[in-house]
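Per-entry structural report
The chain contents come next:
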Amino acid sequence: MPLLDTVRTIETPEGVSIRLRLAGPVPRALAWLLDSLIRLIILLVTLIFLAEMGDSGFAIWIIIFFLFEWFYPVLFEVLAHGATPGKKALGLTVLQDDGVPVGWSASVVRNLLRFVDFLPTLYAFGLYSMFLNRDFKRLGDIVAKTIVVHQDRPTPMQKLPPGSATPLPVWLSSSEQQLIVTFATRIPRMTTDRAQELAQILEPANNSPLRAHTALHADVDSLLGYARHIVGER
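We now turn to the structure provided with this report. No experiment lies behind these values; they were computed from the predicted model shown.

To continue, consider the packing of aromatic side chains. Per the stated rule, a full pass over the model turns up six aromatic pairs. Measuring from ring centre to ring centre gives 5.1 Å for phenylalanine 118 and tyrosine 123, while their planes differ by 80°; the resulting arrangement is edge-to-face. Here phenylalanine 118 falls in the partly exposed class, since its relative accessible area comes to 33%. Judged by its relative accessible area of 16%, tyrosine 123 is buried. Following the ring pairs from residue to residue traces out a cluster consisting of Trp32, Phe118 and Tyr123.

The structure is reproduced here in structure tokens:
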């Protein structure tokens, strides 16, 4: 039997594989609670201001309540990269099954069906559906063909030691360029002897990852210059 896994791999039409970490019931419930608290505070403040208008103010508040209840998540999911404030705080985002951003129709469908997921109380049907589905989909997600995933925060690139850039004397593949840049970003955390030792490993030779590029100089200073050129420094 296949092992339980919360990572889903999607292949784009261009042949690029994307790994998505599916969000389970706990983070989704916490995001829902946070969104509910935000809506509650806004609605209470609005009710206080509209109470001065009497019955007409209460009628307006009912309309605002309806709009907030049904279109608050839709607007954020479509216009804010698939994340309501609660989802954003928990690092979650809503996507289509194929990994593309969620659209208007899918977002409307998944949120209109929340009343079914809520039955008989406290999202019992939705939780039951999520436990039975390998992608943790509630009923609204199944119909709308959407998934909720953890949004990995981008890792800021570490700065290279200051200096001049050296153009590459030969063409390098993206993986070879990444190898040089990775080495260069780690140099500040190394001793001089250790950096020289690792640079010798990259010296074009029989066992080097760069063995096909004999025109490269694999001393520390040269590799730093190449790295600065690769990342766009001039």
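So much for the structure itself; the text now carries on.
One way to put it is that helix 8 (residues 174-186) packs onto helix 10 (residues 220-230) with a least axis distance of 9 Å and a crossing angle of 115°. Considering only the axes of helix 8 and helix 10, their crossing is left-handed. Of helix 10, the residues touching helix 8 (which contributes Gln177, Ile180, Val181, Phe183 and Ala184) are Leu223, Leu224, Tyr226, Ala227 and Ile230. Of the residues in the contact of helix 8 with helix 10, the class split is nine nonpolar, one polar and no charged.

Thresholds, definitions, all that
- Residues numbered from 1 in each chain as written.
- Predicted model: local features only at pLDDT ≥ 70, side-chain atom pairs only at ≥ 80, totals over all residues.
- Heavy atoms only, no water.
- Phe/Tyr/Trp six-rings, centres within 6.5 Å; stacked < 30°, edge-to-face > 60°.
- Buried < 20%, exposed > 50% of the residue type's maximum accessible area, 1.4 Å probe, protein only.
- Axes fitted to C-alpha atoms, helices over the stretch in contact; angles between N-to-C directions.
- Helix = DSSP H or I, 4+ residues; strand = E, 2+ residues; numbered from the N terminus.
- Left-handed = near helix turned anticlockwise from the far one by under 90°.
- Contact = heavy atoms within 4.5 Å.
- Nonpolar A, V, L, I, M, F, W, Y, C, P; charged D, E, K, R; others polar.

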